Amino acid sequence: MEKEFAHYVVTAHPPGGVLVTAKCNFIARDSMDVLVAKSRRLEVRQLRSPMHGSEHQTVSAVTSASSPFPIVAQVPINGRIICLCPLRIPSMETSCVFMATDRLNYAIVCYEDANHARSSPYSIKTLCSGSLRNDTTDGAASLARLAESGPLVAVDPDSRCIAMHVYDGLMSIISVNMNYVMPANAAGYKNDGSHGARHAPMPRMHRSSNVLLGPVQHIRMEERTILDVTFLHCNNQSQPQLVVLHQDARGGQHVMTHLVQLPTNLSGTQTSAVSDSSNSNATTILSGDGMLKKSNVDGGSSLLIAVPPKMSSAAAAAVSLATSSMATEDEQSQQRQSSSTGGIIILGQRQFTYCNGTVTKVIPVPQALFLSFEALPADPITQSPRYLVGDEFGNLHLLTLVMNTNMAAGMLVASSTTNTASSTTTTDNKVVALNFETLGSCALASSLTYLRDGLVFVGSSLGDSQLVQIHDEPIAVPSQDAYNTSRDGIDVDDDNALIDTTYLSVVEEYTHLGPIVDFDLMPTTPGATVSETAQCQVVTASGSSKTGSLRLIRNGIGMNEYASVEMPGIQHMWSVRESFNDAADKYLVQSFVGETRVLGVAAPVSDKMDDEEEGSQSELGASLEEMMIPGLSSESPSLYVGNVQVSDRVLQITEFEMRTFSSSTGQVLNTCAGAFTVATANEAGQIAVSMRGGMLAYYMINKESGTINKVAEKKMEREISCLDIHPFATSKPTGNVMEIDEADEKLRRHCNLSNLVAVGLWDDFTVRLLSLESNLDETICINLGNDDDEEEDDDGNVVSQRRHINNMMARSVSLVTLDFNSSNPGAASHPYSRGVDMLLVGLGDGTLISFAVVLRDNLVTVQAKKEVLLGTQRIGLVRLTMEGRGTCVLATGDRPTVIYLAGVGGTSSTLFNPKLCYSNVNLTFSEDEEGDDVSRRPSQQAISVNVATPFRSPLLFDASSLGPQHFSLCVADDQDLKLGVIDDIQKLHVTTCRIGMAPRRIAHCADGRLFAVGCIESGIHLGLGEQEQNMLNCIRFMDDATFDDVERLDMEPFEMIMSMAYVTLKVPSLGEPSKVIGAGDSVMPYKPFLLVGTAYALPDEDEPTRGRILVYSFQDDATPGAASIGRCIRQVTELATQGAVYSITQFYDGKVLCSVNSKTNVVELVDDDGLRKLQFVGIGHHGHILSLVVRGLAMRTPVDLNRDVAGLSKGVRMDIDAEDEKMKTSLPDEQLAIVGDLMRSISLVQYYPEHDTLEEIAKDFNTNWVTAIEMLNNRVYLGAENWNNLFCLRRNVNSPSEEIRCRLDTIGEFHLGEMVNKFMRGSLVMPLSSSSLSASKPLSATPRPRRASSPQKKPASGEDAAAASSTRSARRAVVTTGSQTLFGSVDGTLGVILGMDGRTAAFFGTLERALAHVIEPVGGFSHAKFRAYEAENRTHPAHGFIDGDLVESFLDLDRSTMQAVADEMNRDGGWEVDDAVLLQKPETDGATPNEDEVERLDLTVDDILAMVEGVTMLH
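The rules behind the values
Within each chain, residue numbers correspond to sequence positions counted from 1 in written order. The predicted nature of this model means local features are confined to residues of pLDDT at least 70 and side-chain atom pairs, given and counted, to a pLDDT of 80 or more, with totals for whole chains, interfaces and linings taken over all residues. The side-chain numbers reported here are obtained from all heavy atoms of the structure, hydrogens and water having been left aside. The helix and strand labels rest on DSSP assignments: H or I over at least four residues marks a helix, E over at least two residues marks a strand, and numbering proceeds from the N terminus. Residue contacts are defined here by distance: any two heavy atoms, one from each residue, within 4.5 Å place the two residues in contact. Note on areas: these come from Shrake-Rupley sampling with a 1.4 Å probe, and a residue is covered only by the protein chains present in the view. By definition, a salt bridge exists where a carboxyl oxygen of Asp or Glu is found within 4 Å of a side-chain nitrogen of Lys or Arg. Think of it in three bands: residues with accessible area under 20% of the maximum for their type are buried, residues over 50% are exposed, and the middle band is partly exposed, with areas taken using a 1.4 Å probe on protein chains only. The criterion for a disulfide is a pair of cysteine sulfur atoms lying within 2.5 Å. For two strands to pair, DSSP has to find at least two bridges joining them. Interaxial angle, 0 to 180 degrees, is taken between N-to-C directions of lines fitted to C-alpha atoms, where a helix line uses only the stretch in contact. Each Phe, Tyr or Trp ring, with Trp reduced to its six-membered ring, pairs with another whose centre is within 6.5 Å; inter-plane angles below 30 degrees give stacked pairs, above 60 give edge-to-face pairs, and intermediate values give tilted ones. Think of it as a cone above the ring: NZ of Lys or CZ of Arg counts as a charge over the ring if it is within 6 Å of the ring centre and within 35 degrees of the ring normal. The pLDDT value expresses, per residue, how confident the predictor is, ranging between 0 and 100. Put simply, a nonpolar core is a bunch of buried Ala, Val, Leu, Ile, Met, Phe, Trp, Tyr and Cys residues held in one set by side-chain atoms that sit within 4.5 Å of each other. The span one expects for a helix is its residue count, reduced by one, times 1.5 Å. Cavity and pocket criteria rest on a 1 Å grid covering protein atoms alone: a 1.4 Å probe that fits but cannot get out defines a cavity, protein on both sides within 12 Å along at least 5 of 7 lines defines an open pocket, and an atom within 4 Å of a point defines a lining residue. Grid points are joined across faces, edges and corners, and a volume is the space filled by probe spheres set on the points. As a working rule, the residues Ala, Val, Leu, Ile, Met, Phe, Trp, Tyr, Cys and Pro are called nonpolar, Asp, Glu, Lys and Arg charged, and the rest polar, with Gly in that last group. Any angle from 65 to 115 degrees is called roughly perpendicular, while one under 35 is roughly parallel, one over 145 is roughly antiparallel, and all others are oblique. We call a crossing left-handed when the near helix sits turned anticlockwise from the far one by less than a right angle, and right-handed when that turn is clockwise.

### Digging into the overall build of the protein
And then number 1: Scanning the protein for helices and strands turns up 16 helices and 91 strands.
And then number 2: A sequence separation of at least 24 residues applies to 65% of the contacts in the protein between residues at least 6 apart.
And then number 3: If you sum the accessible surface of the protein, you get close to 61,000 Å²; carbon and sulfur atoms cover 48% of it.

Here you go:
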């Protein structure tokens, strides 16, 4: 697309890194809930009832249906969450949570039950919110500098105040009103009248006495470099005591305690008049000489743990007397210190220190940086306080405070006399020692949360989070455990070192892709190149240190092929069971043009000989063989074959008769002759057939006699194209027709009677629903067309423009109940867990139309129309149903797609919006085919399906290994019949390969079928001890299907891998001058190579001065031009550089572009005396501080190893995107690239091949610390910088001023909230047909003159308006996109950026503003402020980008909220671009009608749904 006016940013895979967690009873008073912050998302997980045998359960034994720790709610947050702290308000039954973001906004939220009227679509309600920047009384923070070690947050144990260290030299204190009572109708919001945002009211003291939070008080602190803060556990009648860990100018670390004096009229506590401030409502911080303090603690200390006091009964009485109003504050302090063991634990890198003012205990620990801690229940025998501590190596340790009462407790257990017990319990509860032991290894814990019964949630930001079980006794370490517990070279006691045993086992893992350091794309189509027009898989280099892994992400559902046979010409297929009550299928019936064939499951020979082996593993290995079913007519093609429950029969319908026969004997029991064209039936014995002339007949199999009786018939207007009589799952069982075995619940669903039959007609763009209970009376006629598909005939009647296009007719219909079990097992708690009744219609042009069917007051209505383009061929609809997995639908065609229910917006039973997901099916192959043969077919391949049917047989599939989570089916195309199993029903599938070291760079080598991974060996296992450790780098070559290691190449000492690219270079013939090879030559001019850029990071150098470019090949020169069967990895040459090679990219004409320190060079392969050598071309380009990234539009030319050189045209060049062909004509011979500088943003350079020079022709004059860049086309460039922002630049080519042409204009700025490490042009989905982008007029050009015969209707309101808009036909959605770019972030987000034209961008921009205005955000955080570009001292409103996550949240809203959004869009009117042209009447001969003759058609909910669902299909 030549012009991209805006870019649509959306998340394909959400972030998975856990930043912070909070445990409390958030949902209910007796529930165990954990709030998990994942970047910009907040999850609420709830611990289920204790598991049976959980101490022996491992991760492989837990399925998604039995997850002990499921997600019960998740909401988006307009900000990156930095803290979650639970608060307990006495007037509230459940806990509320204090939340803060990186933009220094804060809020207190609570859970809102679905039974209450919500003011937002989210289940989390905001009680109050504010900002540290604005909500202040003295403005002290306006000139302050952000703290380098902040933000730090601590909450008083009694929830009286919150302390935040955000600015250097300041401590921000927020008082909490403990007497707060939440109003019954509290919404927590007000609309301030600003456009596009809603804000929560700022808490102020003078507004009301019933406020939850007081104003922010910024208080000066003497300590400048504060490392951690916490509150001491003290009596709730005393003032809070804040403990600060700080560092002085000499590097010494100290601990100081401050007394926080709160205002008396807010917290309701009694305070002493100690402060000198005259304002009694102000918060002050006092430093007391007698309080807890500790100087010169361990230099590597980073965390403080507040230890709660443990007092005897006598000490408690003494404290109660001392804290009375008669005692002075000094007396209270002395009594608290003398009567309790409360204090702090200082976690250092070499030692742990306990201190409570009078007692100090120290224990040395193995040197490590400790990242997290969690309090555990006290020891059940000694009642000793215990804490769980996690370090940087992924080890979990147990820290125990040993008190003198512990020994007394042990003596008490051993003693049997009461007098002895009384004497031994007289102690002062002093800590006498610290005990430290290692439990085992798990993920690197950024957060630890103890649940119960030894279950611990380990949240990680550097790897997968885990649910870990702590055992009482050590268990053996699994051999496949990726997290090795041993750490050589560290002096650890043998008693504490775990080598072969551990106390930890993983119960469940939660996928986290981040940090995504690098990624590459792998096409799913054989022989295809990576481009924006080809579907690709993403392979990421994720994690760090021992959590390093490769993640393969693919869109769609994989079908694992088990068997394939050549069988062309299959028209229909059905699966038939040997008996109706059988769980497995026996026969596969296929209908051809002139016959019907049967394939049956043949048991293995060993099973036939030995019946005792039945049911064992030997039954696997059965085959499908051609068989005959007695009673089945094979001389004519079949229209339907299936089991019916009546007398356990099989029903067959051919073109000439209907027959039923016994499934056991094969005896034909009943026949009914006729000339049938289309037939359908269900297992309850209901039959619907069509005959020539448009005659529809409804038959029923009699229960007693088994005869086929005609019930009703109806003459339709036209010939019938398709039928479906399948019952909804919500229909009533057939109790009056047949007996149902109450014990066999799995058959109940198949015994439902259908009340409706769906009928599609030829030459008619409608679908009719007829009632089976009232002689086929028409209940509803559904128009499949849109408003722009209609025109008036000569008589003024509305007709369809598509009427004479057969490909647009309904070719398949399906009545089905979709439920959540197909995509979310165990979702019985959802309000729509019973499912949603749907009508799906497949058209001949690859379009799928869906409706939600609602039965209300015996009237059938449809709503929530959705229209998506799935391909170009006709669509057939096949139901896939499995016990425990629910129901989904497979749409056949050139892009087979699984349709499943992912959510339902709204709580009304009549006004709701089912959220459908569409996942295309890719063919995968079994591991038996994988090997060293690089010519084998790829592991993922797109397929085409003409017909399909589910087929379940334990003799063919290993049910024990697959489990109930997979659907097995048979599919057929024009030539082959395939039998396979499809994956779990979900949009994105992630495959994980743990490599045990930190991956830094990755490249997919298509010709060698390898992944080249640049890794860093941390040196932990090398036994280097205290010596200087060298981070050893290596290149690991791994199979791209099995991830098996093929070869490993180690780098030189101190050599680090900086860049890696798989490129195509022009290869000169050895011994001859380099030339462009024509059709008559015999040597291939281009070959693929792997280029690796390195740098020598020497300890005495601040910046690398040496590096290398290594060239590797996967082809054998002995047989040029021939396909290499095996893998041949060899180094071709290398090029020494004078600095670090930070980036390498493909360039034009068989060259590459690389950046070395501050220089950008062109590199090519030349012939040097018979040897191939890599050399720089020209002198390159200088002028950068540090050239981190370089990108261009040139793409690697596909190299066909089996293709003769004569097939190559003369002067082959690099492929350029089809979108830029027009650019090439306007800018001839421009070879452009962009360079991302460390500080100087993006520069545009041009290569002049005639002079071998590389010159800068334009640059961005803004200061952006670039982390990733991408060249979208010759004029538009994308960048990301380290303040988590995106920006877009455009080149001014047509400007007459040279000064303007040399400047790159900023056309877009957007705050993403995550740091992006890489951009790459490509797509995760299969590209749609071009007709989907231009087949119809844009949405903004659809208004047409009002007909004189159609009076204007009064606008509807309320529920009637929503219902009216739901039945109105949506106008054809047109989503026009340009470039498609993928990005990976540190938080594990895999995102998509789509370029959009002006009309599409205007529509979605207006929708974004309307959603931000209507929907009340969680926390009251403004969407506009969150997305505003903010870097250093620059703040700009977001522009040029569209928040796709917010736009697509429209699908989750209820119908009434959708209508409010549509009304806001119509009020805004921004979706109508200025160049919209009014339609003209034919009789005016081109004259423009008057404005009063034209009625602007406002947007409806269905119009918006069509557009939003259209864009969701693009990522």
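### A look at the pattern of salt bridges
And then number 1: A complete count under the given rule lists 46 salt bridges for this structure.
And then number 2: Between Arg45 and Glu43 there is a salt bridge; the shortest N-O distance is 3.6 Å. Each member of the pair, Arg45 as well as Glu43, carries the same accessibility label: buried.
And then number 3: In this structure, Arg133 engages Glu1430 in a salt bridge whose closest nitrogen and oxygen atoms are separated by 3.1 Å.

### Comments concerning the state of the cysteines
And then number 1: Overall, the coordinates contain 0 disulfides when judged by the stated rule.
And then number 2: No disulfide involves Cys24; its nearest neighbouring cysteine sulfur is the one of Cys96, lying 8.4 Å away.
And then number 3: Cys24 sits in the buried class, given a relative accessible area of 9%.

### Let's talk about the sheet that holds strand E80 (residues 1242-1248)
And then number 1: The strand order across the open sheet formed by 4 strands is E78-E79-E80-E81, and the pairing between neighbours is antiparallel. Among the strands making up the open sheet, the edge pair consists of strand E78 (1187-1192) and strand E81 (1253-1259). In this sheet, adjacent strand axes meet at a mean angle of 30 degrees when their direction is disregarded.
And then number 2: Pairing between strand E79 (residues 1231-1237) and E80: 6 bridges, direction antiparallel. By the bridge assignment, Val1235 is partnered in E80 with Ser1243.

### Details of the sheet that holds strand E42 (residues 668-673)
Strand pairing in a sheet is mediated by backbone hydrogen bonds. Such pairs are either parallel or antiparallel.
And then number 1: With respect to topology, 4 strands assemble into an open sheet ordered E39-E40-E41-E42, the strand pairing being antiparallel. Two strands bound the open sheet, and with one partner strand each, they are strand E39 (638-644) and E42. Within this sheet the neighbouring strands show an average axis-to-axis angle of 10 degrees, counted without direction.
And then number 2: Bridge analysis of strand E40 (residues 649-654) against strand E41 (residues 657-662) gives 5 bridges, and the strand direction is antiparallel.

### Looking at the packing of aromatic side chains
And then number 1: Counted according to the given criterion, the structure contains 16 aromatic pairs.
And then number 2: Taken together, a centroid distance of 5.9 Å and an interplanar angle of 75 degrees make the contact between Phe1037 and Phe1114 edge-to-face. On the criterion of sequence distance, the pair formed by Phe1037 in strand E68 (residues 1032-1039) and Phe1114 in the loop between strand E72 (1107-1113) and strand E73 (1130-1137) is long-range, its members being 77 residues apart.
And then number 3: Overall, Phe1037 belongs to the buried group, its relative accessible area being 0%.
And then number 4: Taken together through their ring pairs, the aromatic side chains of Phe1037, Tyr1062, Tyr1112 and Phe1114 make up a single cluster.
And then number 5: Sitting over the ring of Tyr510, Arg45 keeps its end group 4.3 Å from the ring centre.
And then number 6: We note Lys1318 situated over the ring of Phe519; from NZ or CZ to the ring centre the distance is 5.5 Å.

### Observations regarding the pairing of strand E86 (residues 1316-1321)
And then number 1: With 5 of 6 residues buried, E86 is to be regarded as a mostly interior element.
And then number 2: Relative to strand E87 (residues 1377-1385), E86 runs antiparallel, the two sharing 5 bridges. Across the sheet, Phe1319 pairs through a bridge with Phe1383, a residue of E87.

### Focus: the confidence of the model for the protein
Caution is warranted with low-pLDDT regions, since their predicted coordinates should not be read in detail.
And then number 1: For the protein, per-residue confidence averages 77 on the pLDDT scale, and residues scoring 70 or more make up 71% of the total.
And then number 2: When pLDDT is averaged over each element of the protein, strand E91 (residues 1441-1443) comes out on top at 96 and helix H10 (residues 1331-1334) at the bottom at 34.
And then number 3: Contacts of residues 1198-1228 to residues separated by more than four positions or lying in other chains number 71 contacts, the stretch itself having pLDDT below 50.

### Points about the nonpolar core
And then number 1: Grouped together as the largest cluster of nonpolar side chains are 69 residues, with contacts concentrated most on Tyr8, Leu42, Leu84, Met99, Phe1404, Leu1407 and Phe1450.
And then number 2: For this core, the element with the most residues is helix H12 (residues 1398-1414), which contributes 8 residues.

### Things to note about H12
And then number 1: For H12, which comprises 17 residues, the first-to-last C-alpha distance of 24 Å matches the rise-based estimate of 24 Å (1.5 Å per residue) to within 8%.
And then number 2: Taking burial as the measure, the 17 residues of H12 include 14 buried ones, the bulk of the element.

### Notes on helix H16 (residues 1501-1512)
And then number 1: The end-to-end C-alpha distance of H16, which contains 12 residues, comes to 16 Å, matching closely the 16 Å that a straight helix rising 1.5 Å per residue would cover.
And then number 2: The element H16 is largely enclosed, with a buried count of 12 among its 12 residues.
And then number 3: Those residues of H16 that fall on the buried side of the exposure criterion are Val1501, Asp1502, Asp1503, Ile1504, Leu1505, Ala1506, Met1507, Val1508, Glu1509, Gly1510, Val1511 and Thr1512.

### Looking at unusual backbone geometry
And then number 1: In the segment running from Gly514 into Pro515, the intervening peptide bond is cis, with an omega of -10 degrees.
And then number 2: As for its position among the elements, Pro515 is in the loop between strand E30 (501-510) and strand E31 (516-523).
And then number 3: The backbone phi angle of Asn296 is positive, close to 55 degrees, even though this residue is not glycine.
And then number 4: Examined against the element boundaries, Asn296 turns out to sit in the loop between strand E18 (293-294) and strand E19 (303-307).
And then number 5: Although it is not a glycine, Leu776 adopts a positive phi angle of roughly 60 degrees.
And then number 6: Following the sequence through the fold, Leu776 ends up in the loop between strand E49 (766-771) and strand E50 (777-783).

### A word on empty space enclosed by the protein
And then number 1: According to the stated counting rule, one finds 8 cavities of 30 Å³ or more in the structure shown.
And then number 2: What the second largest cavity holds in volume is close to 90 Å³.
And then number 3: As for the second largest cavity, its lining consists of Asn555, Leu870, Arg895, Thr897, Tyr918, Ser919, Asn920, Lys987, Val1325, Thr1512, Met1513 and His1515.
And then number 4: If you tally residues by element for the lining of the second largest cavity, the top one is strand E60 (residues 913-925), at 3 residues.
And then number 5: Split by residue class, the lining of the second largest cavity holds 4 nonpolar, 6 polar and 2 charged.

### Concerning the pairing of strand E43 (residues 676-681)
And then number 1: Along E43, 5 of the 6 residues are buried, which leaves the element largely enclosed by surrounding structure.
And then number 2: Linking E43 back to strand E44 (residues 686-691) in an antiparallel pair, the connection comprises 4 residues, with Gly685 at a positive phi of about 95 degrees.

### Structural notes on the packing of H12 against helix H15 (residues 1455-1468)
And then number 1: Across the interface, H12 lies against H15 with an axial gap of 9 Å and an inter-helix angle of 120 degrees. The orientation of H12 with respect to H15, classified from their angle, is oblique. Judged by the twist between their axes, the crossing of H12 over H15 is right-handed. Between H12 and H15, the residues in contact are Phe1403, Thr1406, Leu1407, Arg1409, Ala1410, Leu1411, His1413 and Val1414 and Thr1457, Ala1460, Val1461, Glu1464, Met1465 and Asp1468, respectively.
And then number 2: Of the residues in the contact of H12 with H15, the class split is 8 nonpolar, 3 polar and 3 charged.

### Observations regarding the packing of H12 against H16
And then number 1: Taken N-terminus to C-terminus, the directions of H12 and H16 make an angle of 110 degrees; their axes are 12 Å apart at the nearest point. Viewed along their axes, H12 and H16 adopt a mutual orientation that is roughly perpendicular. Between H12, through Phe1403, Phe1404 and Leu1407, and H16, the contact on the second element is made entirely by Ile1504, Met1507, Val1508 and Val1511.
And then number 2: In terms of residue class, the contact of H12 with H16 is built from 7 nonpolar, no polar and no charged.

### A word on the environment of Thr671
And then number 1: In this fold, Thr671 is placed in strand E42.
And then number 2: Using a relative accessible area of 43% as the deciding quantity, one classes Thr671 as partly exposed.
And then number 3: As a C-alpha pair, Thr671 and Glu657 span 14 residues in sequence and 6.7 Å in three-dimensional space.
And then number 4: Sequence-distant contacts of Thr671, that is, excluding residues within four places in its chain, are made with Glu657, Met658 and Arg659.

### Regarding the environment of Tyr1062
And then number 1: Here Tyr1062 is to be found in strand E70 (residues 1055-1066).
And then number 2: Residue classification places Tyr1062 among the buried residues on the basis of a relative accessible area of 12%.

### Thoughts on the environment of Phe592
And then number 1: Relative to the helices and strands, Phe592 is located in the loop between strand E36 (587-591) and strand E37 (596-602).
And then number 2: Sequence separation of Phe592 and Gln571 is 21 residues, and the distance between their C-alpha atoms is 5.4 Å.
And then number 3: Residues contacting Phe592, with those up to four places away along its chain left out, are Met567, Pro568, Gly569, Ile570, Gln571, Arg597 and Pro637.

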